[in-house]
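Each chain, letter by letter, is given below.
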Amino acid sequence: DNFQIFYVDSLKDYRDVIQIYNEENDFIKDLEVVRMRVEHFYQREVWPAITGSDYIGPPTGHCLWINLENIAFGNYWFLIENVMWNEREVIIKVKVIRKFEPDVKSSTHKDTSVDWTEIKNDITNMLRETITWSNIKESTKFICALLVTTASLLIYGVQYLGDYSIRFFREFNNLIKVSTPIFIALIELVSKTIGGFYILIAMLWRGHGQGLPPQMNLMAQQPAIMPAPNRRRYYRYEQDAYRK
């Protein structure tokens, strides 16, 4: 495995980081189990010295954070000798077995399958961490509360709308009853005003001594009923006979 040096914020100190190859599937699974148990037991108050692919920041992949002495940077085979812990962190003691020199062809051939395996493991771990009994219970509570709140709002809205409609029509009816006499009085006032205006014009016309208008005089000179035709003929006949 490859190791480097990184700074740990919670410890305010540097640690040597052993980056584990993705081919070590069984070892990675064991490390994930240990890391989850340590974090659950100490409630993330103790540095577990083990990080997975979900760790934010470098390095990437599964790593061990330890103290190494007098070892040059490179790839080595390590053996875990002992595990201890204190109030701040979990201490992992390792031993260098030999230097690691991977085969280029075999590693290139294996990288493709290992990538898919890592993706599968990441998805499985994410689902295990997300789909838990507590999350399902909280989600069910939230959905039930949301449905009850929505139903209550709908019922209250319908009730408020019905009450408002009844009050509106009642007040509108009262408005019509009160305003009807006012409108009738206004109509009578307008009609009387117009009638008085015409009467005033007629009185002014008579006051000048001109009598009725010309059209009205012509209509007055014409007889209302014309004499019958037989009577006119009879009158002419008598007049002619008298003259003879």
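Just so it is clear, the structure is predicted and the values come from calculations on it, not from any experiment.

Focus on the environment of Ile91
- Tracing the sequence through the fold places Ile91 in strand S6 (residues 90-99).
- Ile91 sits in the partly exposed class, given a relative accessible area of 25%.
- Between the alpha carbons of Ile91 and Ala49 there is a distance of 7.0 Å; along the sequence they are 42 residues apart.
- Ignoring any residue separated from it by four or fewer positions in sequence, one finds Ile91 in contact with Asn82, Val83, Met84, Trp85 and Asn86.

Let's talk about the nonpolar core
- With 23 residues, the main nonpolar core has Ile18, Leu64, Trp65, Ile66, Ile92 and Val94 as its most contacted residues.
- Those elements that provide at least two residues to this core are strand S1 (2-8), strand S2 (13-19), helix H1 (25-42), strand S4 (63-66), strand S5 (76-85) and S6.
- Apart from the residues within four sequence positions on either side, Trp65 is in contact with Phe6, Tyr7, Val8, Arg15, Asp16, Val17, Trp47, Ala49, Ile50, Thr51, Tyr55 and Pro59.

So, the UniProt feature "transmembrane region" (unreviewed entry) in the chain
- UniProt annotation of "transmembrane region" (unreviewed entry) refers to residues 142-162 and 182-205 when read in the numbering used here.
- Strand forms 0% of residues 142-162 and helix 100%; the C-alpha atoms that close the span are 30 Å apart.
- For residues 182-205, the end-to-end C-alpha separation is 35 Å, with 100% helix and 0% strand making up the annotated structure.

Description of the packing of aromatic side chains
- Tallied over the full model, the rule gives four aromatic pairs.
- Centre to centre, the rings of Phe168 and Phe169 are 5.7 Å apart; their planes meet at 70°, and the pair counts as edge-to-face.
- Residue Phe168 is classed as partly exposed on the basis of its relative accessible area of 46%.
- Since its relative accessible area comes to 55%, Phe169 is described here as exposed.
- Seen in terms of ring centroids, Phe197 and Tyr198 are 6.3 Å apart; in terms of plane orientation they differ by 65°. Their pairing is edge-to-face. Tyr198 matches Phe197 in its accessibility class, with the two residues each being exposed.

Here we look at the layout of surface pockets
- Quantified by volume, the largest pocket comes out at close to 600 Å³.
- Together, 21 residues line the largest pocket, and Arg35, Glu39, Arg44, Pro48 and Asp54 are the ones closest to its centre.
- In terms of residue count, H1 provides more of the lining of the largest pocket than any other element does, five residues in total.

Here's the deal with the pattern of salt bridges
- Scanning the model with the defined rule gives four salt bridges in all.
- The salt bridge involving Glu32 is made with Arg35; its shortest N-O contact spans 2.7 Å. Remark: Arg35 and Glu32 occur in helix H1; sequence separation between them is three residues, near one turn of the helix.
- With its nearest N and O atoms 3.3 Å apart, the salt bridge here joins Asp163 to Arg167. Of the two residues, Asp163 and Arg167 both sit in helix H3 (residues 133-207), four residues apart, roughly one turn of that helix.
- The exposure class of Asp163 is partly exposed, given its relative accessible area of 35%.
- One network of salt bridges, in which partners are shared, links Asp13, Arg15 and Glu89.

Basis of the calculations
Residues numbered from 1 in each chain as written. Predicted model: local features only at pLDDT ≥ 70, side-chain atom pairs only at ≥ 80, totals over all residues. Heavy atoms only, no water. Helix = DSSP H or I, 4+ residues; strand = E, 2+ residues; numbered from the N terminus. Buried < 20%, exposed > 50% of the residue type's maximum accessible area, 1.4 Å probe, protein only. Contact = heavy atoms within 4.5 Å. Core = buried A, V, L, I, M, F, W, Y, C linked by side-chain atoms within 4.5 Å. UniProt positions renumbered as here; feature names shortened; annotations may be inferred. Phe/Tyr/Trp six-rings, centres within 6.5 Å; stacked < 30°, edge-to-face > 60°. 1 Å grid on protein atoms, 1.4 Å probe; cavity = no way out; pocket = protein on both sides within 12 Å on 5 of 7 lines; lining within 4 Å. Points joined across faces, edges and corners; volume = space filled by probe spheres on them. Salt bridge = Lys/Arg side-chain N within 4 Å of Asp/Glu carboxyl O.

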